[in-house]
Amino acid sequence: MALVTIGSTAVLECERCLGLWLNVAAFENICTEREQQSQILGIASQAATSAVCENSKVHYVPCPECSQLMNRMNFARCSGVIIDVCKQHGTWFDRDELSRIVEFIHDGGLEASRAREKAEIKEERRRLAEQQAAAGNRVAEPLGRANEHRLTAIASARSLLDFLLG
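The text that follows walks through the structure, step by step, so that each part is easy to find. (Residues numbered from 1 in each chain as written. Predicted model: local features only at pLDDT ≥ 70, side-chain atom pairs only at ≥ 80, totals over all residues. Heavy atoms only, no water.)

**So, the overall build of the protein**
Step number 1: Each helix and strand counted, the protein has four helices and six strands in total.
Step number 2: From first element to last, N terminus to C terminus, the protein shows the α and β order β-β-β-α-α-β-β-β-α-α.
Step number 3: The buried share of the protein, taken over its 166 residues, is 27%.
Step number 4: Contacts in the protein between residues far apart in sequence, at least 24 positions, make up 51% of those at least 6 positions apart.
Step number 5: A total accessible area of about 11600 Å² is found for the protein, and carbon and sulfur atoms account for 54% of it. (Helix = DSSP H or I, 4+ residues; strand = E, 2+ residues; numbered from the N terminus. Buried < 20%, exposed > 50% of the residue type's maximum accessible area, 1.4 Å probe, protein only. Contact = heavy atoms within 4.5 Å. Areas by Shrake-Rupley, 256 points an atom, 1.4 Å probe, with all protein chains shown as cover.)

**Things to note about the sheet that holds strand 5 (residues 82-86)**
Step number 1: With antiparallel pairing, the six strands of this open sheet are ordered in space as 1-2-3-6-5-4. With one partner strand each, in any of the chains shown, strand 1 (2-6) and strand 4 (71-74) form the two edges of the open sheet. Pairwise comparison of adjacent strand axes, ignoring direction, gives a mean angle of 35° for this sheet.
Step number 2: In this sheet, strand 6 (residues 90-93) lies alongside strand 3 (residues 20-23) in antiparallel orientation, the contact comprising four bridges. Within the sheet, the bridge partner assigned to leucine 20 lies in strand 6 and is phenylalanine 93.
Step number 3: Contacts between helix 1 (residues 24-32) and the sheet are confined to strand 2 (9-13), strand 3 and strand 6, with strand 3 contributing the most and set at about 95° to the helix.
Step number 4: Where helix 3 (residues 97-106) meets the sheet, its contacts fall on strand 3, strand 5 and strand 6, and the angle it forms with strand 6 comes to roughly 105°. (Pairing = 2+ DSSP bridges. Axes fitted to C-alpha atoms, helices over the stretch in contact; angles between N-to-C directions.)

**So, unusual backbone geometry**
Step number 1: One non-glycine residue, alanine 76, lies in the positive phi region at around 60°.
Step number 2: Position of alanine 76 among the secondary structure elements: in the loop between strand 4 and strand 5.
Step number 3: Unusually for a residue other than glycine, arginine 77 sits at a positive phi of about 65°.
Step number 4: Position of arginine 77 relative to the elements: it lies in the loop between strand 4 and strand 5.

**Focus: helix 3**
Step number 1: Counting buried positions along helix 3 gives seven out of 10 residues, so the element sits mostly inside the fold.
Step number 2: The positive-phi residue at the C-terminal boundary of helix 3 is glycine 108, with phi of around 85°.

**Notes on the pattern of salt bridges**
Step number 1: Under the definition given, this model contains seven salt bridges.
Step number 2: For the salt bridge of arginine 126 with glutamate 123, the shortest nitrogen-to-oxygen distance reads 2.3 Å. In this pair, arginine 126 and glutamate 123 are both assigned in helix 4 (residues 109-165), three residues apart and thus about one turn of the helix distant.
Step number 3: Overall, glutamate 123 belongs to the partly exposed group, its relative accessible area being 28%.
Step number 4: One salt bridge in this structure joins arginine 126 and glutamate 130, with 2.3 Å as the shortest N-O distance. With arginine 126 and glutamate 130 both in helix 4, this residue pair falls four residues apart, about one helical turn. (Salt bridge = Lys/Arg side-chain N within 4 Å of Asp/Glu carboxyl O.)

By themselves, these are just geometric observations and shouldn't be taken as functional.
And the structure:
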């Protein structure tokens, strides 16, 4: 792999397949910096005519740093771009995947994904609160009946004592 620079970010590029390896900080930087994203889109348009080794078979790839097989995941859970991630070290991008992610970000996909996640969390909290309230009612109901029985027993005992002593 060769060290290349995209904007101000150094990445490793496979000269054979044009895949890219970005460490965690570099990928976060690219996701947040518009200037970096523009650089990637510019490079992607220049590389569109380059030859590439095609391999359509899905396979797990090892992390270049720790050699453990990386997890495959859909970026932002909805982008349609499947990337290989080592949570500790970084992300492997097959040819054009990084530029497709940048396009997804530019089209507002990341904000939409975050808004969807927030809505899902809010809905899950609402459902949990409903379940807790329902569970609380189920627990409180038997206790309420037990308290009613105790109060009735105490009142009966008091009436009996009043009758006997009174």
